[in-house]
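Listed below are the residues making up each chain.
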Amino acid sequence: GAAGFTSLLSLPGLGSRAIPVDERPHLAPALAAAAAAAGASPPLNLSTSNLSAVASESVDAVVSLSALCRANLTAALAEVRRVLKSNGRLVVFEPTLGLGLRSTRRLQVLASPLHEALTDGCRLDDDLAGLLEEGGWSRQSMARHSLAAARSWLTAPFVLGVWRP
């Protein structure tokens, strides 16, 4: 989400080219203030499709740091595809459904509604990499990570990758 992205807005010249995206309405005022201070665009919310203000095929890259887990993936990925240039990239670092033990996946699916309630809407029961590839996105690179610093073993599986439309 944009909350982790706002620190990047302080990099010289980045703010005017960056569009923070976040799904959590209660963070909007703070994110808007941080973006304004950096000279960046106000934050956008993929679920409300307010990327409509962004011209089609005008963005080089969309970076999602735990934002897609909160979005309606079908609508969000359609909007991301629309705004990306033909050679643009979608870069993600998102929690994902574990592909290891079947019991872990089952517990993630069962715990996802509670996790969603406790983490501002972030779901654990989607395999984002699989959904992207099923949707015709071309994988450029991908790795699945298990984060020792994650709050719980349920949120430990993450996917880090780059896809093209």
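As the structure is a computational prediction, the values presented were derived from the model and not from experiment.

Peer 1: What should I look at first to understand the overall build of the chain in this one?
Peer 2: Along the backbone of the chain there are five helices and four strands. Along its sequence from the N terminus, the chain presents helices and strands in the succession α-α-β-α-β-α-α-β-β. Sequence-distant contacts in the chain: of pairs separated by 6 or more residues, those separated by 24 or more amount to 65%.

Peer 1: Is there a simple way to explain the nonpolar core in this structure?
Peer 2: General note: in soluble globular proteins, nonpolar side chains tend to be found buried as a group. Leu90 and Trp137 are the most contacted members of the largest nonpolar core, which has 19 residues in total. Of all elements in the fold, only strand 1 (59-65), helix 3 (73-83), strand 2 (84-95), helix 5 (128-134) and strand 4 (157-164) reach the threshold of two or more residues within this core. If you tally residues by element for this core, the top one is helix 3, at five residues. When near neighbours in sequence (up to four residues on either side) are disregarded, Trp137 contacts Leu77, Val80, Arg81, Leu84, Leu90, Leu132, Trp163, Arg164 and Pro165.

Peer 1: Honestly, the pattern of salt bridges in this entry has me stumped. Any pointers?
Peer 2: Pairs can form between side chains of opposite charge whenever their charged atoms are close. All told, the structure shown has five salt bridges when counted by the stated rule. A salt bridge links Asp60 to Lys85, with the nearest nitrogen and oxygen atoms 3.1 Å apart. Pair noted here: Asp60 is in strand 1 and Lys85 is in strand 2, with a separation of 25 residues, a long-range link. Among the ionic pairs, Glu133 bridges to Arg139, the shortest N-O distance being 3.4 Å. A single salt-bridge network, built from bridges that share partners, covers Glu116, Arg123 and Asp125.

Peer 1: Sorry, what's going on with the state of the cysteines here?
Peer 2: Simply put, the disulfide is a covalent bond whose two ends are the sulfur atoms of two cysteines. Throughout the structure, instances matching the rule amount to one disulfide. Between the sulfur of Cys69 and that of Cys122 lies a disulfide, 2.1 Å long from S to S. What sets the handedness of the Cys69 and Cys122 disulfide is the S-S torsion sign, and at about -120° it is left-handed. With Cys69 in the loop between strand 1 and helix 3 and Cys122 in the loop between helix 4 (102-118) and helix 5, the pair connects residues that are 53 residues apart, well separated along the chain. Side by side, Cys69 and Cys122 carry an identical accessibility label, which is buried.

Peer 1: Please clarify how unusual backbone geometry should be interpreted in this entry.
Peer 2: Apart from glycine, the bulk of residues carry a negative phi angle, and the bulk of peptide bonds sit in the trans form. The residue Glu57 is not glycine, and still its phi comes out positive at about 50°. Within the secondary structure, Glu57 is located in the loop between helix 2 (28-38) and strand 1.

Peer 1: Any chance you could explain the environment of Ala129 here in plain terms?
Peer 2: Along the chain, the position of Ala129 falls in helix 5. Note: C-alpha distance between Ala129 and Val162 (33 residues apart in sequence) is 9.8 Å.

Peer 1: Just to check I follow, could you spell out the pairing of strand 1 for this structure?
Peer 2: On a regular strand, each side chain points to the face opposite its neighbour's, so the side chains alternate between the two faces of the sheet. Sheet topology places strand 1 next to strand 2; six bridges connect them, and they run parallel. Along strand 2, the bridge assignment pairs Ser64 with Val92. You can see the chain leave strand 1, run along helix 3 and come back into strand 2, and the turn it takes is right-handed.

Peer 1: What exactly am I supposed to notice about the confidence of the model for the chain here?
Peer 2: Per-residue pLDDT for the chain has a mean of 74; in total, 67% of the residues score no lower than 70. Per-element mean pLDDT across the chain ranges from 50 in helix 1 (residues 2-5) up to 88 in helix 5.

Peer 1: Any chance you could explain helix 4 here in plain terms?
Peer 2: Residues separated by three or four positions in an α-helix point in the same direction, a consequence of the helix having 3.6 residues per turn. Taking 1.5 Å per residue as the helical rise, helix 4 with its 17 residues ought to reach 24 Å, and the 24 Å between its terminal C-alpha atoms agrees with that figure. At Ser112, helix 4 is bent by approximately 50°, the largest bend along its length, and proline Pro113 sits one to four residues beyond. Every buried residue belonging to helix 4 is among Thr104, Gln108, Ala111, Ser112 and His115, and all of these are buried. The secondary structure elements touched by the buried residues of helix 4 are strand 4.

How each quantity is defined
- Residues numbered from 1 in each chain as written.
- Predicted model: local features only at pLDDT ≥ 70, side-chain atom pairs only at ≥ 80, totals over all residues.
- Heavy atoms only, no water.
- Helix = DSSP H or I, 4+ residues; strand = E, 2+ residues; numbered from the N terminus.
- Contact = heavy atoms within 4.5 Å.
- Core = buried A, V, L, I, M, F, W, Y, C linked by side-chain atoms within 4.5 Å.
- Buried < 20%, exposed > 50% of the residue type's maximum accessible area, 1.4 Å probe, protein only.
- Salt bridge = Lys/Arg side-chain N within 4 Å of Asp/Glu carboxyl O.
- Disulfide = S-S within 2.5 Å.
- Pairing = 2+ DSSP bridges.
- Right-handed = clockwise from strand over helix to strand, strands pointing away.
- pLDDT = per-residue confidence, 0-100.
- Expected span 1.5 Å × (residues − 1).
- Bend = angle between axes of the 7 residues up to and from the residue.

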